[in-house]
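# Structure assessment
Here is how the chains run, residue by residue.
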Amino acid sequence: MQGQEPDMQVAIHAGAAFTDQGRLQRSLQANGALLSECGARFFGPRRYRQYFKPNFGGPDIRTLSPDAIKKMRLALPVDAAAKRAIFMNDNFVGDQGNLLRDGQLYPDAGRRMALLQQAFPEEPINLYFALRNPGSFIPKLLMALPDPDREEILRTTDLSCLSWIGLIEDIRDLAPDVKITLWCNEDTPFIWGNVVRQVSGIPETAALTGEYDLILSLLTAEGQVLAQAALDTEANDPEALQVQLFHIFEEHAETDRLEEELELPGWNAEIVDAFSELYEQDVARLANMSGVQVLSPRNAPL
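What comes next is a walk through the structure. (Residues numbered from 1 in each chain as written. Predicted model: local features only at pLDDT ≥ 70, side-chain atom pairs only at ≥ 80, totals over all residues. Heavy atoms only, no water.)

Right, let's talk about the pairing of strand 7 (residues 179-184) for a bit. Strand 7 sits mainly inside the fold: 5 of its 6 residues count as buried. As judged from the 6 bridges shared by strand 6 (residues 125-131) and strand 7, these two strands associate in the parallel manner. Each residue of the ladder has a partner; that of Ala 130, found in strand 7, is Trp 183. Direction of pairing for strand 7 relative to strand 8 (residues 292-295): parallel, over a ladder of 4 bridges. Paired with Leu 182 across the strands is Val 294, a residue of strand 8. (Buried < 20%, exposed > 50% of the residue type's maximum accessible area, 1.4 Å probe, protein only. Helix = DSSP H or I, 4+ residues; strand = E, 2+ residues; numbered from the N terminus. Pairing = 2+ DSSP bridges.)

Right, let's talk about the sheet that holds strand 8 for a bit. Pairing within the open sheet is parallel, and its 6 strands lie in the order 2-3-1-6-7-8. Here the strands that pair on one side only, and so sit at the sheet edges, are strand 2 (40-43) and strand 8. Strand-to-strand twist of the sheet, defined as the mean angle between neighbouring strand axes without regard to direction, takes the value 20°. Across 4 bridges, strand 1 (residues 9-13) lies against strand 6 in parallel orientation. Considered in strand 6, the bridge of Ile 12 is made with Leu 127. (Axes fitted to C-alpha atoms, helices over the stretch in contact; angles between N-to-C directions.)

With respect to the helices, strands and loops of the structure, Asp 147 is situated in helix 7 (residues 147-156). Linking Asp 147 and Leu 105, residues 42 residues apart in sequence, is a C-alpha distance of 19 Å. For Asp 147, the side chain forms a polar contact with the side chain of Arg 150, separated by 2.3 Å. (Polar contact = N/O pair within 3.5 Å; in protein donor to acceptor, adjacent residues only side chain to side chain.)

Turning next to the pattern of salt bridges. Tallied over the entire structure, the rule returns 11 salt bridges. Between Lys 71 and Asp 67 there is a salt bridge, with the nearest N and O atoms lying 3.1 Å from each other. On the criterion of helical spacing, the pair formed by Lys 71 and Asp 67 is a turn pair, its members being 4 residues apart in helix 4 (residues 66-73). Residue Lys 71 is classed as partly exposed on the basis of its relative accessible area of 39%. Taking relative accessible area as the criterion, Asp 67 reaches 42% and is therefore assigned partly exposed. Between Glu 123 and Arg 73 there is a salt bridge, with the nearest N and O atoms lying 2.7 Å from each other. In this pair, Glu 123 is assigned in the loop between helix 5 (109-119) and strand 6 and Arg 73 in helix 4, connecting sequence segments 50 residues apart. For Glu 123, a relative accessible area of 11% gives the class buried. (Salt bridge = Lys/Arg side-chain N within 4 Å of Asp/Glu carboxyl O.)

Here we come to the layout of surface pockets. Estimates place the volume of the largest pocket at around 1,400 Å³. Residue lining of the largest pocket: 40 residues in total, with Asn 185, Glu 186, Asp 187, Pro 189 and Leu 258 positioned closest to the centre. Elements that contribute at least two residues to the lining of the largest pocket include exactly helix 6 (134-143), helix 9 (188-200), helix 12 (238-252), helix 13 (255-258), helix 14 (269-287) and strand 8. Residues belonging to the lining of the largest pocket are distributed by class as follows: 19 nonpolar, 10 polar and 11 charged. (1 Å grid on protein atoms, 1.4 Å probe; cavity = no way out; pocket = protein on both sides within 12 Å on 5 of 7 lines; lining within 4 Å. Points joined across faces, edges and corners; volume = space filled by probe spheres on them. Nonpolar A, V, L, I, M, F, W, Y, C, P; charged D, E, K, R; others polar.)

To continue, consider the packing of aromatic side chains. Within the structure shown, the criterion is met by 15 aromatic pairs. Their ring planes at 90° and their centres at 5.4 Å tell us that Tyr 106 and Phe 129 sit as a pair that is edge-to-face. Residue Tyr 106 is found in the loop between strand 5 (104-105) and helix 5, and its partner Phe 129 is found in strand 6; the two are separated by 23 residues along the sequence. For the pair shown, Tyr 106 and Phe 129 are each scored as buried. Where Trp 267 meets Phe 275, the ring centres are 5.6 Å apart and the plane angle is 15°; that geometry is what we call stacked. For the pair formed by Trp 267 and Phe 275, the shared burial category is buried. Site record: aromatic cluster; members linked through ring pairs are Phe 43, Tyr 48, Phe 52, Phe 56, Phe 87, Phe 92 and Phe 120. Note that Arg 23 overlies the ring of Trp 192, its terminal NZ or CZ placed 5.9 Å from the centroid. The positively charged end of Lys 140 is found above the aromatic ring belonging to Phe 18, 5.6 Å away from the centroid. (Phe/Tyr/Trp six-rings, centres within 6.5 Å; stacked < 30°, edge-to-face > 60°. Lys NZ or Arg CZ within 6 Å of the ring centre and 35° of its normal.)

Further remarks concern empty space enclosed by the protein. Under the criterion given, the structure shown has 1 cavity of 30 Å³ or more. Around the largest cavity, the lining residues are His 13, Gly 15, Thr 19, Asp 20, Arg 23, Ala 130, Trp 183, Asn 185, Thr 188 and Trp 192. In terms of residue class, the lining of the largest cavity is made up of 3 nonpolar, 5 polar and 2 charged.

Right, here's the structure in full:
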């Protein structure tokens, strides 16, 4: 019936690699009672390995068998109160070790989301994915590969052409009904509460346990005192609070925790700067793409 709410929504948190590191699962666990009241059920990486990975098949698999569909659907919660199933695993849109192939990041993403559409034709699918500056993501990805694989990619791939656009366009082309929510990993400390609410489907005004733990962990002791004072005085004005936290972060961030060494030989700050400019342009382009939502800090003083 038109306008009728679906019995179940499917939310997929799929990375990107080197971004979340289990943070979302810990946050959902800390707020488990609230999520349960709202009908959300969440599942960690093991359920992906049990129900999804065996049925995704190789890169040429474009259609699920009836048996594969049945097995994937076993992943859904069965209790009557469940309205939203949240699955978390970085490998949903590409297996580790195969995230860069044929000159593209996450070349299996569109195909896998299309297979999920086949498995869940009546359940709206929402994909949640944190982008990361390719200038730091690409060397980290390459250094995680075995030496022969890395050398082959460096020999055959123009790394300067890599961006997130191809990944998202593939999903839009092959799985157009999948709604995509993105955010920049660099913004995560400032929008963590919004990320958790979006993924879990709970109300925007719901109070979250540990909403500001991440940004507090990235501040000096003095910065933590100032941030806590801002949390105490601006609790009822989220926009004013975020502006204050930005300024505190600018002046009191633990720089050692934010800086990463570029271990890939020949990869330098100039390359990172070039990617940073392209990254900013790509994010702006993605924000205007149909079916895509980009989360960003409100009133960011940048």
